[in-house]
Amino acid sequence: MNENDITTPPAPCAPEDVRRIACVGAGVIGGGWVAHYLARGYDVTAWDPAPDAEQKLRRLVDAAWPALTQLGLAEGASPDRLTVTATLEEAVADAQFVQESAPEKLELKRDLLARLDAAAPAGVVIASSTSGYPMTDMQTEAADPGRLVVGHPFNPPYLIPLVEVVGGDKTAPHAVTWASRFYEVAGKSVITMASEVPGFIANRLQEALWREALHMVANGEATVKEIDDSITEGPGLRWAFMGPMLTFALAGGEGGMAHMLDHFGPSLKSPWTRLEAPELDKELYDAVVAGCDDAADGRTIADLVAERDQGVIDVLRATGRLPQQRTKEDTK
């Protein structure tokens, strides 16, 4: 980030005082953000260029609401506080924060962020839900790039607490600080990254596991179901409350990570993983799709979404990590 950037004015209100949020892009991620913000008691305006966007968005919110109700709704939370506008400009006209969730196409992101910058009130922070692009690469066409930050969630944003926040070379430091605090107020668990890393933190780790899984399917070493079971019945149970680094430290017994590295360090040279991505040819494509159909065992996508949502709620509840609820008292 550019520490000398003084052209971007401070946000017009404190993170705790935000009441109106604009969500631009209303697909799976953007719709998940809409559901989250509505459940936290905000007024949300949304825009998406797809002709059937509003119907799909409202169906997504309706489908997410039972899970959000279990988590606990903020005072005044309601799907009725959603307004879908006809234009991008209408959506952001009086927004106090803007969440962009357009498809992962760099030129599209650049153009859209420039349009948002031109339309949103001065100083309002604009965050991108990009899964991998650095903000430095996306803010190139904006007149005021200082207020553009990455706010990378995990799917579904209405359930998974994590948001990774980072600015680009032209992002004003105070915009990053403001965005991180806003996400905390909005009930998220925030990692404020010190510098840009392609794919951020969690996606890089997730991608490594994904590539290895594809190699095993491609080589006939494991089925889709076996791969999924190996995580849900194995390390995934630990990762729900303790990350891989501390988990490995415990493998060292009383000696901790130091003993673990001394004991298992040499195995790092063993050819256990193949991190280069396999060729996604038709055979592998078909095998992965068929494997997922087999693993679903007749359950529809809607069935699986409901099962996933309930599972996340159960884990959050069991580990004591249900988000603190935002009420009017919290913001006084």
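Cut-off values and rules
Residues numbered from 1 in each chain as written. Predicted model: local features only at pLDDT ≥ 70, side-chain atom pairs only at ≥ 80, totals over all residues. Heavy atoms only, no water. UniProt positions renumbered as here; feature names shortened; annotations may be inferred. pLDDT = per-residue confidence, 0-100. Contact = heavy atoms within 4.5 Å. Buried < 20%, exposed > 50% of the residue type's maximum accessible area, 1.4 Å probe, protein only. Helix = DSSP H or I, 4+ residues; strand = E, 2+ residues; numbered from the N terminus. Right-handed = clockwise from strand over helix to strand, strands pointing away. Pairing = 2+ DSSP bridges. Axes fitted to C-alpha atoms, helices over the stretch in contact; angles between N-to-C directions. Core = buried A, V, L, I, M, F, W, Y, C linked by side-chain atoms within 4.5 Å. Expected span 1.5 Å × (residues − 1). Arc of directions from axis to C-beta.

Identification of the protein as L-carnitine dehydrogenase from Streptomyces rectiviolaceus is taken from an unreviewed UniProt entry. Within the UniProt record for the protein, the comment given under Catalytic activity (unreviewed entry) is "carnitine + NAD(+) = 3-dehydrocarnitine + NADH + H(+)". Turning to the protein, the UniProt annotation filed under Subcellular location (unreviewed entry) states: "Cytoplasm".

Asker: Teacher, can you tell me more about the confidence of the model for the protein here?
Answerer: Parts of the model with low pLDDT should not have their predicted coordinates read in detail. Here the protein shows a mean pLDDT of 89. Residues at 70 or above account for 93%. In this model, residues 1-6 is a region of pLDDT below 50 whose contacts with residues beyond four sequence positions or in other chains number 15 contacts. Note on residues 325-332: pLDDT is under 50 here. Beyond four places in sequence and across chains, it has 20 contacts.

Asker: I'm lost on the pairing of strand β1 (residues 20-24) in this one. Help?
Answerer: Burial of β1 is extensive: four of the five residues sit out of reach of the surface. In the classification by handedness, the crossover that spans β1, the intervening helix α1 (residues 28-39) and the parallel strand β2 (residues 43-47) is right-handed.

Asker: Would you explain the sheet that holds strand β5 (residues 126-128) in this entry?
Answerer: Strands belonging to one sheet form pairs held by backbone hydrogen bonds; the direction of such a pair is parallel or antiparallel. Read from one edge to the other, the open sheet built from eight strands follows the order β3-β2-β1-β4-β5-β6-β7-β8, with strand pairing classed as mixed. Both edges of this open sheet fall to β3 (82-84) and β8 (189-192), since each of them pairs with a single strand only. Direction aside, neighbouring strands of the sheet carry axes that sit 25° apart on average. With four bridges connecting them, β1 and strand β4 (residues 97-100) associate as parallel partners. Looking at β4, one finds that valine 24 is bridged to glutamate 100. Helix α2 (residues 53-71) contacts β2 and β3 of the sheet and is inclined by roughly 160° relative to β3.

Asker: Sorry, what's going on with the nonpolar core here?
Answerer: What tends to happen in soluble globular proteins is that the nonpolar side chains get buried as a cluster. In this structure, Val34, Tyr37, Tyr42, Phe97, Phe182 and Tyr183 are the most contacted members of the largest nonpolar core, which totals 44 residues. Of all the secondary-structure elements, those providing two or more residues to this core are β1, α1, β2, α2, β7 (162-167), α6 (173-185) and α13 (301-318). If we skip the residues at most four places from it in the chain, phenylalanine 97 touches Arg20, Ile21, Ala22, Tyr37, Val124, Val125, Ala127, Trp178, Phe182 and Tyr183. Of all hydrophobic cores here, the second largest spans 23 residues; its members include Val24, Trp47, Met135 and Met193.

Asker: Is there a simple way to think about helix α12 (residues 282-296) in this case?
Answerer: Since one α-helical turn is 3.6 residues long, residues separated by three or four positions face the same way. An ideal rise of 1.5 Å per residue puts 21 Å on 15 residues; α12 measures up with 21 Å between its terminal C-alpha atoms. Among the residues of α12, Leu284, Val288, Gly291, Ala295 and Ala296 are the ones counted as buried. Buried residues of α12 fall within an arc of 135° about the axis and therefore sit on the same side. Of the exposed residues in α12, those oriented more than 90 degrees away from the buried face are Lys282, Glu283, Asp293 and Asp294. Along its buried surface, α12 packs onto α7 (202-218), α8 (224-232) and α13. Trailing α12 by a residue or two, aspartate 297 shows a phi angle of about 50°, which is positive.

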